[in-house]
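What follows is each chain in one-letter form.
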Amino acid sequence: MKITVIAVGKVKETYLNDAIREYQKRLGAYCRLEIVEVADEKTLEHASEAQERMILSREAKRILKHIKEDACIITLEIGGKQLSSEELAAKIEGLGVQGTGHLIFIIGGSVGLGKEVLDKSDFALSFSRMTFPHQLMRVILLEQIYRSFRIIQGAPYHK
Ligand SMILES: C[S@@+](CC[C@H](N)C(=O)[O-])C[C@H]1O[C@@H](n2cnc3c(N)ncnc32)[C@H](O)[C@@H]1O
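Computed from a predicted structure; not experimentally measured. (Residues numbered from 1 in each chain as written. Predicted model: local features only at pLDDT ≥ 70, side-chain atom pairs only at ≥ 80, totals over all residues. Heavy atoms only, no water.)

Packing of helix α3 (residues 85-97) against helix α5 (residues 134-153) brings their axes to within 8 Å, and their N-to-C directions diverge by 75°. Overall, the two elements α3 and α5 adopt an arrangement that is roughly perpendicular. Judged by residue contacts, Ser85, Glu86, Leu88, Ala89, Ile92 and Glu93 of α3 engage Gln144, Arg147, Ser148, Phe149, Ile151 and Ile152 from α5. Split into classes, the residues belonging to the contact of α3 with α5 amount to six nonpolar, three polar and three charged. (Axes fitted to C-alpha atoms, helices over the stretch in contact; angles between N-to-C directions. Helix = DSSP H or I, 4+ residues; strand = E, 2+ residues; numbered from the N terminus. Parallel < 35°, antiparallel > 145°, perpendicular 65-115°, else oblique. Contact = heavy atoms within 4.5 Å. Nonpolar A, V, L, I, M, F, W, Y, C, P; charged D, E, K, R; others polar.)

Take the UniProt feature "binding site: S-adenosyl-L-methionine" (unreviewed entry) in the protein next. When the UniProt feature table is mapped onto this chain numbering, "binding site: S-adenosyl-L-methionine" (unreviewed entry) sits at Leu76, Gly108, Phe127, Ser128, Arg129, Met130, Thr131 and Phe132. The topology assignment puts Phe132 in the loop between β5 (123-126) and α5. For Phe132, the residues in contact, after removing those within four places along its chain, are Phe127, Met137 and Ile140. (UniProt positions renumbered as here; feature names shortened; annotations may be inferred.)

If you check helix α1 (residues 14-27), its first and last C-alpha atoms are 20 Å apart, about what 14 residues at 1.5 Å a residue would give, namely 20 Å. Every buried residue of α1 is accounted for by Leu16, Ile20, Tyr23 and Leu27. For α1, the arc enclosing every buried residue in end-on projection is 70°, short of the 170-degree limit, so these residues lie on one face. What points out from α1, more than 90 degrees from its buried face, is the exposed set Thr14, Tyr15, Arg21 and Lys25. Each element contacted by the buried residues of α1 is listed here: β2 (32-38) and α5. (Expected span 1.5 Å × (residues − 1). Buried < 20%, exposed > 50% of the residue type's maximum accessible area, 1.4 Å probe, protein only. Arc of directions from axis to C-beta.)

It is worth spelling out unusual backbone geometry at this point. Its identity is not glycine, yet Ser128 carries a phi of approximately 150°, on the positive side. Turning to its location among the elements, Ser128 is positioned in the loop between β5 and α5. Using a relative accessible area of 17% as the deciding quantity, one classes Ser128 as buried.

This brings us to the pattern of salt bridges. In this structure the tally under the stated criterion is 11 salt bridges. With a shortest N-O distance of 3.6 Å, Glu34 and Lys2 are connected by a salt bridge. Placement of the pair is Glu34 in strand β2 and Lys2 in strand β1 (residues 2-8), with a sequence separation of 32 residues. Residue Glu34 is classed as partly exposed on the basis of its relative accessible area of 30%. Ionic pairing is found between Arg21 and Asp18, a salt bridge with its closest N-O pair at 2.8 Å. Remark: Asp18 and Arg21 occur in helix α1; sequence separation between them is three residues, near one turn of the helix. A single network of salt bridges, built from pairs that share partners, joins Lys10, Glu37 and Arg138. (Salt bridge = Lys/Arg side-chain N within 4 Å of Asp/Glu carboxyl O.)

Bringing the site of the ligand into the picture now. As a structural note, the neighbourhood of the ligand is formed by 18 residues, with Leu76, Phe127, Ser128, Met130 and Phe132 the closest of them. At 2.9 Å, a backbone N or O of Phe127 approaches a nitrogen atom of the ligand. Notes on the ligand: free accessible area 560 Å², of which the protein chains cover 81%. No other element matches strand β3 (residues 72-82), which puts three residues into the shell around the ligand. Classifying every residue of the shell around the ligand gives nine nonpolar, eight polar and one charged. (Near = heavy atom within 4 Å. Polar contact = N/O pair within 3.5 Å; in protein donor to acceptor, adjacent residues only side chain to side chain. Areas by Shrake-Rupley, 256 points an atom, 1.4 Å probe, with all protein chains shown as cover.)

In structure tokens, the structure reads:
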């Protein structure tokens, strides 16, 4: 299975990049992982709704260039559906069984994801009702994808 993580903005902190590299390495045993970073727009401290829409729309254009029609698109949204790790594993396994060979996870930037991207989503995944920084979200997502593959294999990691 191919897994693409599309993320808005750079990860600047070394400790987060170290964690990302570690999970990239571990996931290499289970899938073809690709991380696509798209540039974020500069956010103004007191942006109006119109300015935020403009930011989201510009970032959305960059994200949409990397979306493939035959892939299953999973957007990360605070208001999306919360799954247990076992449920996420079952979802990934089920999609594979149905013949979906490519999953694309999308993480928004500091103002979230634009409507143009949300409209393409096949599934909105929430990691809780709390807001996580997008850089940290990348690590959490990779860890949960790794955990999913370990669960699918019946390996002891998830205990
Ligand atoms: C700083 S958050 C954006 C906050 C923005 N106000 C919003 O409501 O989307 C950056 C990105 O991280 C992801 N994210 C943050 N917390 C999340 C959570 N609890 N569940 C799922 N995704 C989350 C989302 O993709 C979000 O677009």
